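Topology and contacts: notes
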Amino acid sequence: MKFLLPLLAMFLMPALVVQAQELSADADPFTIGGSVTARTVAYSASGIGARRAPFSYILSGTVTPTVYGVGLPLTFTLTEQDRSTSQPLNQFGLSARHDWIAVHGGFRNPTFSNFTLAGHQMLGGGIDLSPGIFRVSVAAGQLMRAVEQDTPSIAPVLPSYSRSGWAARVGVEDTEFFVLGTVLSASDDTTSLRRAPVNVDVTPGENVALSLAAGITPADGVRLDAEWALSAFTRDVRSSAIVIKSNDIRTLAESVLTPRLSTSVYQAFRAGLALRRPTWGLQASYSYIDPDYRSMGAYAMNTDQAVITVAPSVVLADNRLRLGLSVTHIEDNLQTKKWFTTKRLQPMLTASWTPSMTFGVDVSLGDVLTTQSSGTRPIADSVALNNRNPMLTVSPRLSFISPELIQNISATVVSQWYLDNNPVTRQFSEYAVLTANTMYSVTLPASRLTLGAGGFVTHFDGLQGTNTSGGVTATASKQLPEHGLALGANTAVGLGASTTVTAGVNGTYTPMQRHSIQASLAITSATFTELTAVLGYALSF
């Protein structure tokens, strides 16, 4: 928090100065708008352990004061569930925009690149400048807060060091092209914990990640883009510094971060092509991400894989028929460090046919073909993965619409198989699953009444034998605008090895414009009983 106010002042000053130069005598000096929502939840359970706190609350909203035409939207979230976690639940945030200047403060989730700063929550400040084709973005703040290890706790939380950092993105961008470079620098504070964590893999780290992205539209409906990234990640800043052998990539990494025994350098690359025409299109992409690639500005990402995707599509019969094909190939063990190499081929064919306003159907047929080969060790055919996972989905729908009555009928049937081509493991692994559900709803516009009923069934056939389960559902809703009321009810009965019944009622009362009160009650009864009640209030202004 100690850096937040100076950052906010620094980032807000340019916007306020620019706006001060453009004040007009007839401008409204101050207005305010937004919305605020308060909600409480009561919960009880018998027959099982409680799956949430018996009482909880949350207060959230967006308040936007406007000073001489400059909006300052403030978002906030307050809840009693804010525990000792590295990402706090109680949050606030402020953003303001004027012309080509935008400033941000508080809790924000900026995204500069998927390989550097990619939506990670940050408590701090930032600024975006976009004069003409030029782009400059800067963000700085706390990425994680310190959490002490609590080993005696029944449900211990994972400890974490306080982590802070900054990121910048600079470049040019237009509708026809863009070139953007990003950098992220982040590190953990080794003094933020009173005791070093034990028996967990938590160490104070440091990271510098760089990326360069570019794209161009050489012709109408044609788009090319690519991005390359480098991440130098030190798992433990307490490890000894070292001198690394020189090469272009490692020299670049060494220039922005002190290499240590626990330092690794990773690379990532992606490229894409998009062709769009009135009746057809084509998308293709390639990505390569080093094993264990990571950035302190991004949450979990898929690593150690090369992915190629080709996806053509076509529109026929005056836009009534749409066909699409997608083929993806994924291969891991890029640096031959794993015992085995796994390859997956994922074809997918989709079709959507809408011959009239009354009838339509969507169909998809996909498969996942998995094979394994030797990596650092030879692999025996008896244990190597060699399987398929095909899936067929059919979803027809019917609609009958008139001023007096609206009827909708929909259904979805999903058939999925696991087919093992390994004769040794086949008898233990193969299975088939068939799932079907249907829903009918009717709306009476004059009375503002909607009723619905449906059913579902699942059939499983595998090594454990066969099992069939199903159930029925029912819903109802009624609008009473003359009384400011909206009421609803739902129930479901699941039949299988045991019977599960769920039921709920809900309502919204609007006593006056911009005010609303919501309440709901839900019960689940099976071999246990759960009851959840929610009461909320919303104000817009």
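Right above here is the structure, for reference.
These lines cover the structure that appears in this document, whether it is placed above or below. (Residues numbered from 1 in each chain as written. Predicted model: local features only at pLDDT ≥ 70, side-chain atom pairs only at ≥ 80, totals over all residues. Heavy atoms only, no water.)

Side note on the packing of aromatic side chains
Inspection of the entire model under this criterion finds 7 aromatic pairs. Between phenylalanine 115 and tyrosine 293 the ring centres are 6.0 Å apart and the planes differ by 75°, which places this aromatic pair in the edge-to-face class. Of this pair, phenylalanine 115 sits in the loop between β6 (101-108) and β7 (122-129) while tyrosine 293 sits in the loop between β14 (280-289) and β15 (305-316), placing them 178 residues apart in sequence. Across the pair, exposure class does not vary: phenylalanine 115 and tyrosine 293 are buried alike. Counting every residue linked through ring pairs, the aromatic cluster contains Phe115, Tyr266 and Tyr293. (Phe/Tyr/Trp six-rings, centres within 6.5 Å; stacked < 30°, edge-to-face > 60°. Helix = DSSP H or I, 4+ residues; strand = E, 2+ residues; numbered from the N terminus. Buried < 20%, exposed > 50% of the residue type's maximum accessible area, 1.4 Å probe, protein only.)

With respect to a nonpolar patch on the surface
A contiguous nonpolar surface patch, about 640 Å² in accessible area, is contributed by Leu325, Val327, Leu345, Leu349, Val363, Leu365, Leu369, Leu392 and Trp417. Elements with a contribution of two residues or more to the nonpolar patch: β16 (321-332), β17 (340-353) and β18 (359-366). Looking at where valine 327 falls in the secondary structure, it is placed in strand β16. Looking at valine 327, the relative accessible area reads 31%, which means it is partly exposed. (Patch = residues over 30% accessible without salt bridge, like charges linked within 9 Å, V, L, I, M, F, W, Y side chains within 5 Å. Areas by Shrake-Rupley, 256 points an atom, 1.4 Å probe, with all protein chains shown as cover. Salt bridge = Lys/Arg side-chain N within 4 Å of Asp/Glu carboxyl O.)

Some remarks on the pairing of strand β11 (residues 206-219)
Taken together, the 11 bridges between strand β10 (residues 177-188) and β11 define a ladder with antiparallel strand orientation. Following the sheet pairing, leucine 184 is matched in β11 by alanine 209. Bridge count for β11 against strand β12 (residues 222-234) is 12 bridges, and the pairing is antiparallel. Looking across to β12, one finds that glycine 215 is bridged to aspartate 225. (Pairing = 2+ DSSP bridges.)

Some points on the pattern of salt bridges
In total, this model carries 12 salt bridges according to the counting rule given. Arginine 135 is paired through a salt bridge with glutamate 173; the nearest N and O atoms lie 3.4 Å apart. Here arginine 135, found in strand β8 (residues 134-144), pairs with glutamate 173, found in strand β9 (residues 163-173); they are 38 residues apart in sequence, far enough to count as distant. Glutamate 173 sits in the partly exposed class, given a relative accessible area of 31%. Salt-bridge contacts for aspartate 318 lead to arginine 320; the nearest nitrogen and oxygen are separated by 4.0 Å. Assessed through its relative accessible area of 67%, aspartate 318 is described here as exposed. Classification of arginine 320 by relative accessible area gives partly exposed; the value is 36%.

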